[in-house]
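Coordinate inspection notes
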Amino acid sequence: MAEATSGRSEEEFQDLLRRLELALEASQIGVWQHNITEQELLWDPQMHKLYGTGLQERKVPSDVWVNALHPDDIESAVRDFDMALERKGFYNSQFRIILPGGEVRHLRSRGHYYEDAEGAPSFIGAEWDVTADVLLNRELTSQKAIAEARAVALEQSRARIEHAADHDYLTGLPNRRYFDRRLAELRKDASVETLAVVHIDLNGFKEINDKWGHAAGDATLQSAAARISGAITANDLVARIGGDEFVAVLVNVGDIERLEAIASDIFSRLRRDVRFGNEMLKIGASIGVATGQTSSAGNLLAESDVALFQAKKLGRNRVEFFTTQLQSDLQAERRLADELRLAPVLRQIEPFYQIQVDARSRRIVGLEALARWRHPERGLLSPVAFLKVADEYGFTAEIDAAVLKRALADRAAWVSQGLSPPRIAVNISGRRLADPDLIVGLRALRIPRDAIAFELVETIFLDEPDEVVLANIAGIKEMVIEIEIDDFGSGHASLIGLVKLKPKRLKIDRQLVTAVTVSEEQRRLVGSIIEIARTLNVEVVAEGVESEDHARILAEIGCDELQGYAIGNPSSEKETAALLKSAQAASHSRFSAHVAAHATGSAGRGSDHS
Ligand code: C2E
Ligand code: MG
Ligand code: MG
């Protein structure tokens, strides 16, 4: 020290010392000295402040330090010091102390070994408060941990949301979105050679929902999902792409027989009843399959849909495979449907009329209006060419309405020509009969009383008629439009319908009529239908009367009226007008002759129109 100060005045030295003290005080760094042999500590005032001793003396007992240490840090703090001592080197430690008031502070201590003038081993060092740093650090660490935890949670919920966006909540299957993406991926996948799409539509699902409620519907969908999944491999994919519509994509099932086997496996799994509580619910499926090389797989879904459409059309509960023939048929049918939709508006639908005569007098008592489509290119078309398509695409009601309107117009024209047209029977489809606006529409037509009869097919009112149908039937009767049951005996047992509906007349189906000339049994059958009708006060018309023999036999067994090729063919409005005119003229002359011969006489049953 003496050497260090040589060349400096005492004044300079005192000045230096004061400045050092000021600097230490400002920095709040304490300085300590530790004489190991004496176990003696020298603290400067700043050290006393750090430890809150309230003392001034430079010399402090060594246990003051150890006693101030936080119990948890004693071991490591003492070890750091002992190691520095052993190395006779640098000392660096950090520890907590507890102030007399109980407050915990973090201190950093650094020092160095030296031997004093007497050669005694000693340390000199400095110590300062790092509590703020430690706390800040700790805060940062915990913030970081929170941020990390939040990132993990965010990632989890992102994955959950993505899953939800790609999957159907009810069955857990991929949805349409995921399916489209996956199909596109498979198409680009070099390891995929062929793809097959199995398009599945459940049968009976709507009925289950309506009858047993949504819980039953849900259970049905869930079990269908599980059953379809059970029929395919892990490489394949099943998705639910609509209410009760599922699609399976089969990868590399090139062998058509295997594909058929898988499709029919899915089909038979879906035919088993679904257990719901104590109930066994009946379901089934229509399935359409399309397959192809991956390169040309662009339309697989559309093609499987075409096959599915065909499966439904052929009566549901079956598997159909896509073919190009099927596609062109369907396209032709769609074109026809597009044209047919416009046909009533373009006045291309017109009635042809077939006469109905009294079975005994053979006088004209009625006309049946039969729809014809005057197609601009294909000529005059019969109902076989278009009614099925009309029904499938849902516009039979429009056709019925067009026929009725034209029939009323034709009738009005005939009246203005001085003719007295008989009642005209028009056919009415189930769809039209279920139209809630039917009666309002009919009223607007101002149909003359007794001018019109409606022909209903049996099935309409046998399939549990709904409120609208019943109300419409009541409305029709109120308008004095007669009701006839068409094709009686062709469908199910129809006595109940007959009793419920109380029609004006029934028309015995052609198939029953045809057989009366060859089979005694059939004759008796038709005879008993007539008998029952009599009991119920219902008139009977025979349709499909193709020969004079038929006409005679039917008249004998009590049929009231006859209709068929032996009586007259369906004819245009003009031909029909001419026919009515000549019939009227003949009747007049016959009547005159009759009057002349007998001066009085009856014109017979049903002659009031002739
Ligand atoms: P339908 O109502 O039973 O009409 C009788 C059908 O039998 C008519 O066929 C008629 O031409 C045919 N026919 C008449 N006499 C004979 C005969 O002696 N032998 C044979 N083999 N057939 C005979 P068309 O005109 O082809 O009509 C077929 C069916 O189309 C009709 O059967 C009816 O169910 C339906 N239909 C016709 N017009 C309409 C309509 O405006 N609306 C609705 N919804 N259906 C209609
Ligand atoms: Mg008819
Ligand atoms: Mg008929």
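It should be emphasised that the depicted structure is a prediction, and the values quoted were computed from it without experimental measurement. Residue numbering note: each chain is counted from 1, following its sequence as written. The naming scheme follows written order: chains are lettered A onward, ligands numbered 1 onward. In keeping with the model being predicted, local features are shown solely for residues with a pLDDT of at least 70 and side-chain atom pairs are shown and tallied solely at 80 or more, while totals for entire chains, interfaces and linings include all residues. As a rule here, side-chain values come from all non-hydrogen atoms in the structure, and water together with hydrogens is ignored.

Any N, O or S atom lying within 2.8 Å of the metal counts as a donor, with the limit raised to 3.2 Å for Na, K and Ca; because water is left out of the atom set, some sites can appear incomplete. Coordination of the magnesium ion (ligand 2) by the protein comes from E368 (OE), N427 (OD1), E455 (OE) and D486 (OD), over a distance range of 1.9 to 2.2 Å. For the magnesium ion (ligand 2), all donor residues lie on one chain, and their spacing in sequence is E-x58-N-x27-E-x30-D. Separating the magnesium ion (ligand 2) from the magnesium ion (ligand 3) is a distance of 3.9 Å, and D486 supplies a donor atom to each of them. Of this pair, E368 sits in strand 15 (residues 364–375) while N427 sits in strand 17 (residues 423–427), placing them 59 residues apart in sequence. Categorising residues by exposure relies on relative accessible area from a 1.4 Å probe, with only protein chains included: less than 20% of the type maximum marks a residue as buried, more than 50% marks it as exposed, and the intermediate range marks it as partly exposed. The class for N427 is partly exposed, based on a relative accessible area of 27%. By definition, any uninterrupted DSSP run of H or I lasting at least four residues is a helix, any uninterrupted run of E lasting at least two residues is a strand, and each is numbered from the N terminus.

Moving on to the sheet that holds strand 13 (residues 319–321). Strands are labelled as partners when DSSP assigns at least two bridges between them. The strand order across the open sheet built from five strands is 8-9-7-12-13, with neighbouring strands paired in mixed fashion. The sheet is open, and its two borders are formed by strand 8 (237–242) and strand 13, each paired with just one other strand. Averaged over all adjacent pairs, the angle separating strand axes in this sheet is 20 degrees, with direction ignored. When strand 7 (residues 194–203) meets strand 12 (residues 284–293), the two strands line up antiparallel, connected through 10 bridges. Along strand 12, the bridge assignment pairs I200 with I287. Where helices are involved, their axes are fitted lines through C-alpha atoms of the stretch in contact, as for all axes, and angles between N-to-C directions lie from 0 to 180°.

Once that is clear, we can look at the coordination of the magnesium ion (ligand 3). Four donors placed tetrahedrally around a metal ideally meet at 109.5 degrees, and six donors placed octahedrally ideally meet at 90 or 180 degrees. At the metal site, the magnesium ion (ligand 3) is ligated by D486 (OD), D487 (OD), E543 (OE) and E543 (OE), and these contacts range over 2.1 to 2.6 Å. Under the relative-accessibility criterion, E543 is labelled buried at 11%.

Moving on, we come to the layout of surface pockets. Computed from the structure, the largest pocket encloses a volume of approximately 1200 Å³. Contributing to the lining of the largest pocket are 33 residues, with L370, P383, L387, N427 and D486 lying nearest its centre. Within the residue set of the lining of the largest pocket, elements represented by two or more residues are strand 15, helix 13 (383–393), helix 14 (396–416), helix 15 (430–433), strand 18 (452–457) and strand 19 (482–488). Broken down by element, the lining of the largest pocket gets its largest block of residues, five residues, from strand 15. Charged means Asp, Glu, Lys or Arg here, nonpolar means Ala, Val, Leu, Ile, Met, Phe, Trp, Tyr, Cys or Pro, and polar covers whatever is left, Gly included. Residue composition of the lining of the largest pocket, grouped by class: 12 nonpolar, nine polar and 12 charged. Two kinds of site are reported from a 1 Å grid over the protein atoms alone, namely cavities, where a 1.4 Å probe fits but cannot get out, and pockets, open sets with protein on both sides within 12 Å along at least five of seven lines, and residues are called lining when an atom falls within 4 Å of a point. Grid points are joined across faces, edges and corners, and a volume is the space filled by probe spheres set on the points.

Before going further, it helps to spend a moment on the domain arrangement of the protein. By convention here, the domain bounds are inherited from an automatic or database domain assignment. Split by domain assignment, the protein resolves into domain 1 (29–129), domain 2 (168–326) and domain 3 (336–591). Taking only C-alpha atoms, the centre of domain 2 and the centre of domain 3 are 44 Å apart.

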